[in-house]
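# Structure at a glance
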2 protein chains.
Amino acid sequence: MNLSRDKNILIVGLGLLGGSYAMALSRKDYRVRAIGKSQEGIDYALERGFIERGTTTVTEDFVAWADVVVFGLYPHIFKEWIAAYQQYFKPGTIITDVTGIKGDFVRDIQGMLREDVEYIPAHPMCGKEVSGVQNADDKIFTGANYIVTPTEKNSKEAVELCRDLGWILGCYRVVEMDIDKHDEIIGFVSQLTHCIAITLMTCNEKEHLEKYTGDSFRDLTRIARINDEMWSELFIDNKAALLEQMKEFREQFEKLETMIETEDVAAMRALMQRSTQRRKLFDK
Amino acid sequence: MNLSRDKNILIVGLGLLGGSYAMALSRKDYRVRAIGKSQEGIDYALERGFIERGTTTVTEDFVAWADVVVFGLYPHIFKEWIAAYQQYFKPGTIITDVTGIKGDFVRDIQGMLREDVEYIPAHPMCGKEVSGVQNADDKIFTGANYIVTPTEKNSKEAVELCRDLGWILGCYRVVEMDIDKHDEIIGFVSQLTHCIAITLMTCNEKEHLEKYTGDSFRDLTRIARINDEMWSELFIDNKAALLEQMKEFREQFEKLETMIETEDVAAMRALMQRSTQRRKLFDK
């Protein structure tokens, strides 16, 4: 195990995900500290034993204590943080993150980082419609996929440590992926689905629709409750891949419109059979 | 209570919904019989006490026994059944259904029906991705909405009886609606959502996507496992209303594409805030 219990783990950004990491790791007897933006969040995590120490001020003392640092920040803030404070890392520190986009973002961070510190990009495929450490929950990892996206700058040891982290959190499957392929796939399975949900939720403003709704509509719009600050940033950071996925979806949707328009029952049934067949693969 | 326990209830079409009606009603001590297409289905329901008697042959004896008949058939088969067997109803029989489209379909049935038999159209907003009486489950009604769509041909008594049925099944809310408004709303909350799910499930044929998937994608595609025979019929029967809803969705989706393309963060965030606000109304 590369992520052994003698490693000191620092969480930077104690929100929903950072808090859930702290909760999962401390319950498994790891030493965890955190840097957060509010004292209330730090106090909440201290009271519940998610962390042994916490602060709202970035100090060399706190940062140099860590062997492993997990960043749970918005992408642009993560980048600013590295620019401002990377001199505090001790040599050999491994940093990782929860950021849902990779690609150019990873190239930027790896490009600006000190030579004696290693960034291994990763994130779990899970979350909640609510934010903040007060909603932290280590159960979100149960059954989730955990994605590691190493580049040519990463060492075998750091990749192994990062994979360990995924397993320790309780993820169900740990997969490795190229950073560009990652953004294409995330554009599809995560970002496109959020685009669809918010579109469906806002394309018909009729009153009292909730009285007539079944579970299908509820399921398709669960993620329409969305953190607008974070997601608008993620969409733009992954613009090219996302727009490509949206186009493919829209073209397929238009084909279905034509099938209904022309009452092409055979084509419609073939499409539904394919959809039924493919969906079976996705059961947990 | 207009649907009192001295009423004999006949289910015609013992599939997932017909079977779930039989299960719910017999558990609440109603006398229930059924006409189904397979002897296995009938035997299954008899063994579990969902029905007291059942047959695969339509006989006057069976039909004339009923005070209330619930049709759980595909729309075109329901219509054919009425044409073939309506002479068997005893005078004063109330018939109702589980059909997810109304509009012209209701006008056709009411137009062809004997004067001394009354059809009160209704359906619950629930279902499952699987079919057949073997999957019947009275829990599907718990928390569901139940929709009654009376026309000028319906009596106050029949409407009351039908509303009682919704409550007895265990539905959470019983609402009345005009048949044309119904088809517009169902086009949106039910049919459009199924169109989106099957499109999302089939627009990207990449292998092994399931390894990278989170719950968002799973939620949006749950209903992509679909009964192709039934849904292709429902889509065509409600073609005009559905195409209108698909168009509205597609246009809104294109607006979001433009916002991402032009990096219009303010518009994107406003849209996400509206979507978050509206979604709150839909929690059960």
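Here's what I pulled together on the structure shown here. (Residues numbered from 1 in each chain as written. Chains lettered and ligands numbered in written order. Predicted model: local features only at pLDDT ≥ 70, side-chain atom pairs only at ≥ 80, totals over all residues. Heavy atoms only, no water.)

### Observations regarding the overall build of chain A
- Assigned secondary structure in chain A consists of 11 helices and nine strands.
- Computed over C-alpha atoms, the radius of gyration of chain A comes to 21 Å, within 12% of the 19 Å expected from 2.2 N^0.38 for 284 residues, which places it in the range of a compact globule.
- Along the first, second and third principal axes, the C-alpha atoms of chain A reach 70 × 45 × 30 Å.
- Taking all 284 residues of chain A together, the buried fraction comes to 59%. (Helix = DSSP H or I, 4+ residues; strand = E, 2+ residues; numbered from the N terminus. Rg over C-alpha atoms; globule rule 2.2 N^0.38 Å. Buried < 20%, exposed > 50% of the residue type's maximum accessible area, 1.4 Å probe, protein only.)

### So, the relation of the copies chain B and chain A
- Laying chain B over chain A is done by rotating through 180° and shifting 0.0 Å along the axis; what remains is an RMSD of 0.0 Å. What the superposition gives is, in effect, a two-fold axis relating one chain to the other. Minimal C-alpha distance to the rotation axis in chain B is attained by Leu220 of chain B, lying at 2.3 Å.
- Comparing contact sets, 100% of the residues at the interface of chain B also lie at the interface in chain A, consistent with an isologous, same-surface contact. (Least-squares fit on C-alpha atoms with pLDDT ≥ 70 in both. Contact = heavy atoms within 4.5 Å.)

### What to know about the sheet that holds strand β3 (residues 53-55) of chain B
Residue and element names in this part refer to chain B.
- Strand order in the open sheet formed by six strands is β3-β2-β1-β4-β5-β6, and the pairing between neighbours is parallel. Of all the strands in the sheet, just β3 and β6 (118-119) have a single pairing partner and so form its edges.
- Sheet contacts for helix α1 (residues 16-27): β1 (8-12), β2 (31-35), β4 (68-71) and β5 (94-97); angle to β1, the most-contacted strand, approximately 160°.
- Of the strands in this sheet, β4, β5 and β6 touch helix α6 (residues 156-169), which is tilted by about 45° from β5. (Pairing = 2+ DSSP bridges. Axes fitted to C-alpha atoms, helices over the stretch in contact; angles between N-to-C directions.)

### A few points about the pattern of salt bridges
- Under the defined criterion, the tally for this structure stands at 51 salt bridges over all chains.
- Taking the shortest distance from any N to any O, the salt bridge between Arg250 of chain A and Glu257 of chain B comes out at 2.6 Å. Note that Arg250 of chain A is positioned in helix α10 (residues 239-261) and Glu257 of chain B in helix α10 (residues 239-261), a pairing that runs across two chains. For the pair shown, Arg250 of chain A and Glu257 of chain B are each scored as buried.
- Between Asp283 of chain B and Arg279 of chain B there is a salt bridge, with the nearest N and O atoms lying 3.2 Å from each other.
- On the basis of relative accessibility, which here comes to 43%, the residue Asp283 of chain B falls in the partly exposed class. (Salt bridge = Lys/Arg side-chain N within 4 Å of Asp/Glu carboxyl O.)

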